[in-house]
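Read off the chains here:
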Amino acid sequence: DTAVSQTPKYLVTQMGNDKSIKCEQNLGHDTMYWYKQDSKKFLKIMFSYNNKELIINETVPNRFSPKSPDKAHLNLHINSLELGDSAVYFCASRRQGAEAFFGQGTRLTVV
Amino acid sequence: GNSVTQMEGPVTLSEEAFLTINCTYTATGYPSLFWYVQYPGEGLQLLLKATKADDKGSNKGFEATYRKETTSFHLEKGSVQVSDSAVYFCALTEGRDKIIFGKGTRLHILP
């Protein structure tokens, strides 16, 4: 019974393809996030949803589109993948005012 | 916006040495402060937290004290083990919804 689970764990794909990463949390949290971690381990927030509503949208290319069908799920769809999109993507969730819980990450490699 | 600065790594120590990883922050209001740890190939895990000035967070022998006067939240451990080798992130909340992370400090412990 993993708290925050994301799939797939590894994703290797060619440039120009479209791919999705799924995230689910069973903690009952209202807020969910997507973070991108580059090769130097720097973590950058991409999006945040609160109860299915988009509340944070950092400077992220339009090719990235989050979707939250319900407050337990936040998926990330990426169109026209580029080499620079290669990174580890982390999903997280939290209750307001508390710490965030992270998934295990999805290592995306674009070739 | 809020920001976090933590010492650049990597930090290399021998087993049983004393550890300090510095973290300072700039913030409006009264953020919560966190230390997260990331073991190789895994997601981030909360190590400890403090929610108000002078609070001390502690876990697994690690400690950090929320110092408002010096805007710091330095991580310390009296005697490190090889199993403590990981990347450590200092983080703080911004507003109701964001958590901002430092750039991470890689720690290597030699047997």
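None of the values given here were measured: they were computed from a predicted structure. (Residues numbered from 1 in each chain as written. Chains lettered and ligands numbered in written order. Predicted model: local features only at pLDDT ≥ 70, side-chain atom pairs only at ≥ 80, totals over all residues. Heavy atoms only, no water.)

**Student:** Before we go on, may I ask you to explain the environment of Gly84(A) in this structure?
**Tutor:** Structurally, the position occupied by Gly84(A) is in the loop between β8 (73-78) and β9 (87-94). By relative accessible area, which is 55% here, Gly84(A) ends up exposed. (Helix = DSSP H or I, 4+ residues; strand = E, 2+ residues; numbered from the N terminus. Buried < 20%, exposed > 50% of the residue type's maximum accessible area, 1.4 Å probe, protein only.)

**Student:** Can you walk me through the pattern of salt bridges in this structure?
**Tutor:** The final tally for this structure, using the stated rule, is nine salt bridges over all chains. Between Asp30(A) and Lys71(A) there is a salt bridge, with its nearest N and O atoms 2.8 Å apart. With Asp30(A) in the loop between β3 (19-25) and β4 (31-37) and Lys71(A) in the loop between β7 (64-70) and β8, the pair connects residues that are 41 residues apart, well separated along the chain. On the basis of relative accessibility, which here comes to 33%, the residue Lys71(A) falls in the partly exposed class. Put simply, Glu58(A), Glu94(B) and Lys98(B) are held in one network by salt bridges that share partners. (Salt bridge = Lys/Arg side-chain N within 4 Å of Asp/Glu carboxyl O.)

**Student:** Can you walk me through the sheet that holds strand β7 (residues 56-59) of chain B in this structure?
**Tutor:** Remark on secondary structure: sheet strands pair via backbone hydrogen bonds, oriented parallel or antiparallel. All names here are of chain B. Judged by pairing direction, the sheet is antiparallel, and its four strands sit side by side in the order β3-β9-β8-β7 without closing on themselves. The open sheet terminates on both sides in strands that have one partner only, identified here as β3 (19-21) and β7. Strand-to-strand twist across the sheet, computed as the mean angle between neighbouring axes with direction ignored, equals 15°. Judged from the two bridges that link them, strand β8 (residues 62-65) and strand β9 (residues 75-77) form a sheet pairing that is antiparallel. Paired with glutamate 63 across the strands is glutamate 76, a residue of β9. (Pairing = 2+ DSSP bridges. Axes fitted to C-alpha atoms, helices over the stretch in contact; angles between N-to-C directions.)

**Student:** How do you make sense of the interface of chain A and chain B when you look at a structure like this?
**Tutor:** One frequent convention defines the size of an interface as the accessible area lost when the parts assemble. Contacts between chain A and chain B engage 23 residues on the former and 20 residues on the latter. Counting each side, the surface lost to burial between chain A and chain B is near 1800 Å², with a carbon and sulfur contribution of 54%. At the junction of chain A and chain B, the tally comes to two salt bridges. For the pair chain A and chain B, the number of links is seven residue pairs in polar contact (both at pLDDT 80 or more). When the residues that make up the side of chain A that touches chain B are grouped by side-chain class, the tally is 11 nonpolar, six polar and six charged. (Contact = heavy atoms within 4.5 Å. Buried area = accessible area lost by both parts, 1.4 Å probe. Polar contact = N/O pair within 3.5 Å; in protein donor to acceptor, adjacent residues only side chain to side chain. Nonpolar A, V, L, I, M, F, W, Y, C, P; charged D, E, K, R; others polar.)

**Student:** Help me out: how do you make sense of the packing of aromatic side chains in this one?
**Tutor:** Within the structure shown, the criterion is met by 12 aromatic pairs over all chains. For the ring pair Phe89(B) and Phe101(B), a centre distance of 6.3 Å and an interplane angle of 85° mean the geometry is edge-to-face. Placement of the pair is Phe89(B) in strand β10 (residues 86-94) and Phe101(B) in strand β11 (residues 98-101), with a sequence separation of 12 residues. Considered together, Phe89(B) and Phe101(B) belong to a single accessibility category, that of buried residues. Every member of this aromatic cluster is reached through a ring pair, and the members are Tyr33(A), Tyr35(A), Phe90(A), Phe102(A), Phe34(B), Tyr36(B), Phe89(B) and Phe101(B). Stacked on the ring of Phe42(A), the Lys or Arg Lys103(B) has its end atom at 5.9 Å from the ring centre. (Phe/Tyr/Trp six-rings, centres within 6.5 Å; stacked < 30°, edge-to-face > 60°. Lys NZ or Arg CZ within 6 Å of the ring centre and 35° of its normal.)

That's the geometry; what it means functionally is another story.
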